[in-house]
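Below are the chains, spelled out letter by letter.
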Amino acid sequence: IETYEIGSEDKRSLAIRELDLSKVKLVKLGDSRERRKNLKKGKRVCLDAKILWALLNNQHLIPEHWKKEKDGETPIIFFDGTELLAFRDRPYILGLSWDGSEWSLTDWLEEAREGHHLSAVIELD
């Protein structure tokens with residue numbers, strides 16, 4: 001059994017108490033290096049694991065368009081606001097995946113994550 005600990009969290013996402021899901025954007029942040037660079041720009045708040053868990057436990061709230069296939073593949077929606085560390089401090093990111101009938105939790109080794117998957121973010125003004 002894999003055990004995780006929190007490696008880092010986006011404090012701006014942790015401060016969210018109410019969220020209008022119509023304001024959440026699903027964006028491609030690129031591969032591991034591109035993603036880190038994009039996240040440091042500071043214009044986006046990546047949603048965190050607490051929001052993922054709230055949605056997983058209330059799947060009726062998840063917007064229908066999140067299920068749509070992009071480029072022939074159903075996307076995994078990642079919540080980059082929380083990075084978990086596992087064996088040998090390897091970073092993992094949690095996400096939601098649609099299997100055709102329900103959403104499920106997935107975890108990906110951050111460095112192996114493919115660039116076509118999406119991240120749930122809100123844009124700052």
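Figured I'd write up the structure that's included with this text. Predicted model only: the values in this text are computed from it and were never measured.

## Concerning the overall build of the chain
Okay, so step 1: Secondary structure summary: the chain contains three helices and seven strands in total.
Okay, so step 2: In sequence order, the secondary structure elements of the chain are arranged as β-α-β-α-β-α-β-β-β-β.
Okay, so step 3: Counting every position in the chain, which comprises 125 residues, the buried fraction comes to 41%.
Okay, so step 4: Of all intrachain contacts in the chain linking residues separated by at least 6 positions in sequence, the fraction that spans at least 24 positions is 68%.
Okay, so step 5: Of the roughly 7,600 Å² of accessible surface on the chain, a fraction of 48% belongs to carbon and sulfur atoms.

## Digging into the packing of aromatic side chains
Okay, so step 1: Within the structure shown, the criterion is met by one aromatic pair.
Okay, so step 2: Here Trp98 and Trp103 contribute two aromatic rings whose centre-to-centre distance is 5.4 Å and whose plane-to-plane angle is 55°, an arrangement assigned as tilted.

## Regarding the environment of Thr106
Okay, so step 1: In this structure, Thr106 sits in strand S6 (residues 103-109).
Okay, so step 2: Using a relative accessible area of 16% as the deciding quantity, one classes Thr106 as buried.
Okay, so step 3: Note: C-alpha distance between Thr106 and Phe78 (28 residues apart in sequence) is 8.8 Å.
Okay, so step 4: Those residues in contact with Thr106 that lie beyond four places of it in its chain are Ile76, Ile93, Leu94, Gly95, Leu96 and Ser97.

## So, the environment of Leu94
Okay, so step 1: Here Leu94 shows up in strand S5 (residues 90-98).
Okay, so step 2: Note on Leu94: relative accessible area 9%, which makes it buried.
Okay, so step 3: It is 8.1 Å that separates the C-alpha atoms of Leu94 and Leu52, two residues lying 42 residues apart in sequence.
Okay, so step 4: If sequence neighbours within four positions are ignored, Leu94 has contacts with Ala49, Leu52, Trp53, Ile77, Phe78, Phe79, Leu84, Leu105, Thr106 and Asp107.

## Focus on the nonpolar core
Okay, so step 1: Among the nonpolar cores identified, the biggest contains 23 residues, and Leu47, Leu55, Trp66, Phe79 and Leu96 are the most heavily contacted of them.
Okay, so step 2: Breaking this core down by element, the ones donating at least two residues are helix H3 (49-56), strand S4 (76-86), S5 and strand S7 (118-123).
Okay, so step 3: A total of five residues in this core trace back to one element, the largest contributor, which is H3.
Okay, so step 4: Ignoring any residue separated from it by four or fewer positions in sequence, one finds Leu47 in contact with Ser13, Ile16, Leu19, Val24, Phe79, Asp80, Gly81, Thr82, Ala120, Val121 and Ile122.

Rules used throughout
- Residues numbered from 1 in each chain as written.
- Predicted model: local features only at pLDDT ≥ 70, side-chain atom pairs only at ≥ 80, totals over all residues.
- Heavy atoms only, no water.
- Helix = DSSP H or I, 4+ residues; strand = E, 2+ residues; numbered from the N terminus.
- Buried < 20%, exposed > 50% of the residue type's maximum accessible area, 1.4 Å probe, protein only.
- Contact = heavy atoms within 4.5 Å.
- Areas by Shrake-Rupley, 256 points an atom, 1.4 Å probe, with all protein chains shown as cover.
- Phe/Tyr/Trp six-rings, centres within 6.5 Å; stacked < 30°, edge-to-face > 60°.
- Core = buried A, V, L, I, M, F, W, Y, C linked by side-chain atoms within 4.5 Å.

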